[in-house]
Amino acid sequence: MANPGYGKRRAGDEDPHADSDFAHLPPREAEIAVFVDHLDDGHAMGHKVLAAEHPRYGQQAMRTSLTRITEAGHLRWIREHLTVEDNTMRWVTRTYWSRTRRSAEWWAEFARQRNGRIVPGDLCPGLARTDEPELPEPEPEPRPGTEADPESRTSYLALAAIRDTEPRMRLSEADCRSLASLAEEWLTRGATPQDITRAVTDGLPATVNNPGGLARNRLENRMPPKKAKIRQKAAPRRARVARAVMACMSCDADERTTEIRDGMCPDCRAEYEAAVAAEEAGLLDVGYVPDTFLAAPNAVYEVVDVPRRAAEVRAAAGLRPRTERAL
């Protein structure tokens, strides 16, 4: 899976699954399109990652096939400029997938409609959630008679009722007044008057000579734990898409600096066309996974300098050397 906020995202409004979904693609591209279509949302979409997971094709085949699938209208990379709730801003590149074949005009309108959209926090890389402030313990709910004389408070009444439940624990009015603060603490921690009665009366000896002293001892020693402090569930930060532009599937270029046609910039398209020409001429083996990508490769294999090989392919096709592009 990709990092949160990145990876495969469905463009939506797709036709139902059908056997003819990718019949317009060559066999290899159709197979890879089915593979991509069944990936979970959020799955990494780089050609190296997909090649490592696909059982039949290596990196070059995957890269070429993804380009053809993009040209066919199933994939687009869109760069979105996000303005977050805390007024920070950032660019993120989204990978959108559509099982249904889309035209270039449809994708352009899709990108345009991204402008102004509100993006949930789990789709804002690095900003999934705010800090979680710890809240103080809530005040106990108001109890009947709190503002009246002590004898009407719930804690006092709970103690006074014990004498009716257990004659051996006939607490006097003075006992009830003295113990009311302990009983109030029990209630604050979520106990009920019945809990207080059980704590004071369970397992009494045959004779109780000092009901008030025994009740204090039990209320202190059997005090329930304090309620756990409530932590506010942090709401995901949201962001607004201030601008959305088409991006090249192979490099960092986007519509701000170059033309993007069918998901690719001119330089990457020229390199892709050179790779296709080399493949058709038998200069590149882009078929099944090479031995060096297997779990137990052959003991001896040739180490290929990929950048040098790419430069050779470009030169053979009469293309100028690839240069770095400044955004």
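It should be noted that the structure appears before, not after, this text.
All of the points below concern the structure found in this document.

Reading the values: rules and limits
- Residues numbered from 1 in each chain as written.
- Predicted model: local features only at pLDDT ≥ 70, side-chain atom pairs only at ≥ 80, totals over all residues.
- Heavy atoms only, no water.
- Helix = DSSP H or I, 4+ residues; strand = E, 2+ residues; numbered from the N terminus.
- Buried < 20%, exposed > 50% of the residue type's maximum accessible area, 1.4 Å probe, protein only.
- Contact = heavy atoms within 4.5 Å.
- Areas by Shrake-Rupley, 256 points an atom, 1.4 Å probe, with all protein chains shown as cover.
- Core = buried A, V, L, I, M, F, W, Y, C linked by side-chain atoms within 4.5 Å.
- Salt bridge = Lys/Arg side-chain N within 4 Å of Asp/Glu carboxyl O.
- Polar contact = N/O pair within 3.5 Å; in protein donor to acceptor, adjacent residues only side chain to side chain.
- Axes fitted to C-alpha atoms, helices over the stretch in contact; angles between N-to-C directions.
- Parallel < 35°, antiparallel > 145°, perpendicular 65-115°, else oblique.
- Left-handed = near helix turned anticlockwise from the far one by under 90°.
- Nonpolar A, V, L, I, M, F, W, Y, C, P; charged D, E, K, R; others polar.
- Pairing = 2+ DSSP bridges.

## Comments concerning the overall build of the protein
Then, in step 1: In terms of helices and strands, the protein carries 11 helices and five strands.
Then, in step 2: With 327 residues in all, the protein has 39% of them scored as buried.
Then, in step 3: Counted over contacts in the protein with a minimum sequence separation of 6, partners at least 24 positions apart contribute 69%.
Then, in step 4: In the structure as shown, the protein presents an accessible area of about 18,700 Å², 50% of it carried by carbon and sulfur atoms.

## Things to note about the nonpolar core
Then, in step 1: By size, the foremost hydrophobic cluster in this structure holds 45 residues, and its most contacted members are Val36, Leu50 and Cys248.
Then, in step 2: Only α1 (27-37), α2 (47-53), α3 (59-71), β2 (75-84), β3 (89-97), α4 (104-114), β5 (239-247) and α10 (266-280) provide two or more residues apiece to this core.
Then, in step 3: Not counting the four nearest positions on each side in its chain, Leu50 is found in contact with Phe35, Val36, Leu39, His43, Ala44, Met45, Met62 and Leu66.
Then, in step 4: Judged by nonpolar contacts, the second largest core, of 21 residues, contains Leu182, Ala183, Ala199 and Leu204.

## Digging into the pattern of salt bridges
Then, in step 1: Per the stated rule, a full pass over the model turns up 21 salt bridges.
Then, in step 2: Of the charged contacts, one joins Arg114 and Glu80 as a salt bridge, the two residues approaching to 3.0 Å between their closest N and O atoms. In this pair, Arg114 sits in helix α4 while Glu80 sits in strand β2, placing the two residues 34 residues apart along the sequence.
Then, in step 3: Through salt bridges with shared partners, a single network forms among Arg10, Glu14, Asp37, Asp41 and Arg99.

## Here's the deal with unusual backbone geometry
Then, in step 1: For Asp13, which is not glycine, the phi torsion reads 55 degrees and is therefore positive.
Then, in step 2: Structurally, the position occupied by Asp13 is in the loop between β1 (8-10) and α1.
Then, in step 3: Owing to a relative accessible area of 69%, Asp13 belongs among the exposed residues under this scheme.
Then, in step 4: With a phi angle near 50 degrees, Asp262 is a residue other than glycine that sits in the positive phi range.
Then, in step 5: In this fold, Asp262 is placed in the loop between β5 and α10.

## As for the environment of Asp37
Then, in step 1: Its place among the elements puts Asp37 in helix α1.
Then, in step 2: Taking the C-alpha atoms as reference points, Asp37 and His17, 20 residues apart in sequence, are found 9.8 Å from one another.
Then, in step 3: If we skip the residues at most four places from it in the chain, Asp37 touches Lys8, Arg10, His17, Phe22, Trp97 and Arg99.
Then, in step 4: In this structure the side chain of Asp37 is engaged in a polar contact, spanning 3.0 Å, whose partner is the side chain of Arg99.

## Here's the deal with the packing of helix α7 (residues 173-188) against helix α8 (residues 193-201)
Then, in step 1: Their axes nearest at 9 Å, the elements α7 and α8 cross at an angle of 125 degrees. With respect to α8, the axis of α7 lies oblique. Our pair here, α7 against α8, has a crossing hand that is right-handed. Residues Ala183, Trp186 and Leu187 of α7 form the contact with α8, whose participating residues are Pro193, Asp195, Ile196 and Ala199.
Then, in step 2: Here the contact of α7 with α8 is built from residues that sort into six nonpolar, no polar and one charged.

## Quick look at the side chain of His43
Then, in step 1: For His43, the location among the structural elements is in the loop between α1 and α2.
Then, in step 2: The exposure class of His43 is buried, given its relative accessible area of 7%.
Then, in step 3: Separated by 3.0 Å, the side chains of His43 and Glu53 make a polar contact.
Then, in step 4: Ignoring any residue separated from it by four or fewer positions in sequence, one finds His43 in contact with Met1, Ala2, Gly7, Lys8, Val49, Leu50 and Glu53.

## What to know about the pairing of β5
Then, in step 1: Pairing between β2 and β5: eight bridges, direction antiparallel. Considered in β5, the bridge of Thr83 is made with Arg240.

## Some words on the packing of α8 against helix α9 (residues 211-221)
Then, in step 1: Axis separation between α8 and α9 bottoms out at 9 Å; the angle between their running directions is 115 degrees. Crossing handedness for the pair α8 and α9: right-handed. Residues Ile196, Ala199, Val200 and Thr201 of α8 form the contact with α9, whose participating residues are Ala215, Arg218 and Leu219.
Then, in step 2: Per-class residue counts for the contact of α8 with α9 are five nonpolar, one polar and one charged.

## Here's the deal with the sheet that holds β3
Then, in step 1: Taken in spatial order, the five strands of this open sheet run β1-β3-β2-β5-β4, and their pairing is mixed. Each end of this open sheet is capped by a strand with a single partner; those strands are β1 and β4 (118-119).
Then, in step 2: As defined by bridge partners, β4 adjoins β5 across two bridges and the pair is classed as antiparallel. Bridge pairing links Ile118 to Arg240 in β5.
Then, in step 3: Across the face of the sheet, α3 comes into contact with β2 and β3 while running at roughly 80 degrees to β2.

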